[in-house]
Amino acid sequence: MEFIRSRMRWRRLLALPVAALACVLAGAGLSPAAGQETEAEAFVPGTSYFDENGYTEYVAGNLPVIFTAPHGGSLTPEDIPARTSATCGPKTVTQTDLNTQDLARQIQQAFFAKTGKYPHVVINRLARSRLDANRDIGAAACGNPSAEQAWHDYHKFIDAAKADVRAEFGRGWYTDLHGHGHAVQRLELGYQLTPETLRLSDAELDAAPAYEQAASFRTFSEESPLPFSALLRGPTALGTYLADAGYPSVPSRQDPAPQVDEPYFTGADPGYNTPRHGCANGGHICGVQIETHYDGVRRTLTDRSNFATALADVYPDFLAQFGIRIEPKAQTPPAPGDEVIVDNLNSFNDPAKARFATSGSWVDGNNSQSHGLNFRLLSNPSAKDTAEFRFHVPTPGSYAIDAWWPAQSGRSGNVVYQIHEADGSTALAESVRDQRVDGARWNPFGVHHFSKAGWAKVVVAQSPGSTGSLAADAVRVTLTHLTPSEGVAVLAGLVGELPVTAGNAQALNAKLDAASARFGRGNVEAGKKQLGAFINQVMAFEREGSLSAGQARPVVEYAERVIRDADRQTGQ
């Protein structure tokens, strides 16, 4: 673990935002002197760390997944000459995998939105014309000392991430991100298996252990009760999950293998990262190389954001079969004042609460009035072209709706905003707004009562016969108040999550049913008394050891909130 020790010589310098790092590196002579090694400290999740020259960026994580982007860099320092076939060999490739660096960052944001934690991310910031971080050191650096040092630093950061994952979780999953330009628009999942191997039948794949032993997820496959072929392209295979999410993949149940003469990247030969950092040779960090197509995945910021969100949705289900747990963020019971912002970039959204989708030929737009990084723009909209801001209503109640758009003189003056109930069909309200004005602010659309829990939406469309472009940027949803009966319904949901016996749950729910009935008849005092009895019952279960303080306290506090809200709504 020499790198783990020596990296601390620059840790304090490099645990800085990128902008701050650039300022530090601009000065001369700021690298710590040899021998001034400080005591090792843990990497801070979500923080970027760099090698001494800033050629490799490591964004530390606290999830059992690692993503790397070896071919998306753009730096071309003078001391590293361009790689050529003459100096590096006849198979030298210098083409950049466009937007894979940002794709890795979007994936990091998407995982954080879903889990509240970070994946490990390692990015080669050098252009591929200067360093190919997915080749052995000879082909990667072509003998240049600075490039060789950058190669070593890149892989040592990956090794450090793997060490952290093994120490905290015991096992993890490695993903090397690439981009391809092949004609077939699909994800190519490289497990170090040739196209000829993938074209074998399931029976042939399972009969010969050599195929499983060559795969980059060998350890997990050998431990699994499922056949190797099922893990490769069965119902629970990564490619099948991604195809079900709208991203065709090979191998998968839908597309088991490349056809003869179809190009396909295997993740090995001449690739280096997946064989080195996967588990074909043993260990409990297994992985895959994902070659992504351009349109729909890498082209636009929205493409990258949407794919990142899909990956964050798919990985927990896929990896759970290998004993790798990625848990969603803990949810808190809804309370007045809680808000959800649905951005047009899904990587900015909590996927359990907010999602964005379009129909029609929308493109990315950006100006100083954007909410977040950008907005979606439709130049010649028809009435059937829509943008949907979908939000999860956790409980029936009253919610304020606001919308944000970037105003511009060429926008439509007749933009229809429809607010739909959680059943998806019942329209609660419709409003027509002028997007030529009132930009860069939250515009109110009133308070509306949602009678159902579930996924509701605001649909944005052009008014028939109107002209001008259409923008879709963000919608904000704020819980304004719950009736006492709606608050009791939230409590019933909390009771359903308590680890109590059926009899104890029945006793608690009987008191909630009585409280709801009395609130429904307008008898607030009687309803409050029933909630008081409910609180006493919960506290009794805590005293006798049926519930811990951590389990009982949130339920009691929410019941007390419902009582206070009932008093306020009745003027007491």
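Remember, predicted model here, so these are calculated numbers, not experimental data.

Q: Break down the state of the cysteines for me, with residues and values.
A: Joining two cysteines, a disulfide is a covalent bond between their sulfur atoms. According to the stated counting rule, one finds two disulfides in the structure shown. Here C88 is linked by a disulfide to C142, with a sulfur-sulfur distance of 1.8 Å. As the torsion about the S-S bond is roughly 120 degrees, the C88-C142 disulfide counts as right-handed. Of this pair, C88 sits in helix 4 (residues 85–88) while C142 sits in the loop between helix 6 (137–141) and helix 7 (145–169), and the two are 54 residues apart along the sequence. Disulfide pairing places C279 opposite C286 at an S-S distance of 2.0 Å. The disulfide joining C279 to C286 has a torsion of about 100 degrees about its S-S bond and is therefore right-handed. Once the bonded cysteines of the chain are numbered in order along the sequence, the disulfide links fall as 1-2, 3-4.

Q: Any chance you could break down the environment of Q185 for me, citing the residues and the numbers?
A: Along the polypeptide, Q185 turns up in the loop between strand 5 (172–179) and strand 6 (187–190). Residue Q185 is classed as partly exposed on the basis of its relative accessible area, which comes to 39%. With 364 residues separating them along the chain, Q185 and A549 place their C-alpha atoms 53 Å apart. When near neighbours in sequence (up to four residues on either side) are disregarded, Q185 contacts P248, H293, Y294 and D295. Among the polar contacts made by the side chain of Q185, one reaches the main-chain carbonyl oxygen of H182 at a distance of 3.1 Å.

Q: Describe the nonpolar core, listing the residues and the values that go with them.
A: Counting 57 residues, the largest nonpolar core has F391, I401, L491, L531 and F534 as the members making the most contacts within it. Ranked by the residues each element gives to this core, the list is headed by helix 19 (residues 549–569), at eight residues. Residues A104, L177, L193 and L205 belong to the second largest nonpolar core, which totals 49 residues.

Q: Please give an account of the side chain of S347 that cites residues and values.
A: For S347, the position within the fold is in the loop between strand 9 (339–343) and strand 10 (354–359). Beyond its immediate chain neighbours, meaning those up to four positions away, S347 contacts Q106, Q109, A110, A113, S305 and T309.

Q: Go over the packing of helix 17 (residues 502–520) against helix 18 (residues 524–543) with me, naming the residues and quoting the values.
A: Two quantities define a packed helix pair, namely the angle between the helix axes and the distance between the axes. Contact pair helix 17 / helix 18: the axes reach a minimum separation of 7 Å and the direction vectors enclose 165 degrees. With respect to each other, helix 17 and helix 18 are oriented roughly antiparallel. In the packing of helix 17 onto helix 18, the handedness of the crossing is left-handed. Across from N504, A507, L508, K511, L512, A514, A515, R518 and F519 in helix 17, the residues of helix 18 making contact are V524, A526, G527, K528, Q530, L531, A533, F534, Q537, V538 and F541. Of the residues that constitute the contact of helix 17 with helix 18, the class distribution is 13 nonpolar, four polar and three charged.

Q: Could you give me a rundown of the sheet that holds strand 12 (residues 375–378), with the residues and numbers involved?
A: Pairing in this open sheet of three strands is antiparallel, and the strands run 11-12-19 from one edge to the other. The open sheet has two free edges, formed respectively by strand 11 (363–365) and strand 19 (470–472), since each of these has just one partner strand. Averaged over all pairs of adjacent strands, the angle between strand axes in this sheet comes to 40 degrees, irrespective of strand direction. Sheet topology note: the strand 11/strand 12 ladder contains three bridges and is antiparallel. Note on strand 12: the bridge partner recorded for G365 is F375.

Calculation criteria
Residues numbered from 1 in each chain as written. Predicted model: local features only at pLDDT ≥ 70, side-chain atom pairs only at ≥ 80, totals over all residues. Heavy atoms only, no water. Disulfide = S-S within 2.5 Å. Helix = DSSP H or I, 4+ residues; strand = E, 2+ residues; numbered from the N terminus. Buried < 20%, exposed > 50% of the residue type's maximum accessible area, 1.4 Å probe, protein only. Contact = heavy atoms within 4.5 Å. Polar contact = N/O pair within 3.5 Å; in protein donor to acceptor, adjacent residues only side chain to side chain. Core = buried A, V, L, I, M, F, W, Y, C linked by side-chain atoms within 4.5 Å. Axes fitted to C-alpha atoms, helices over the stretch in contact; angles between N-to-C directions. Parallel < 35°, antiparallel > 145°, perpendicular 65-115°, else oblique. Left-handed = near helix turned anticlockwise from the far one by under 90°. Nonpolar A, V, L, I, M, F, W, Y, C, P; charged D, E, K, R; others polar. Pairing = 2+ DSSP bridges.

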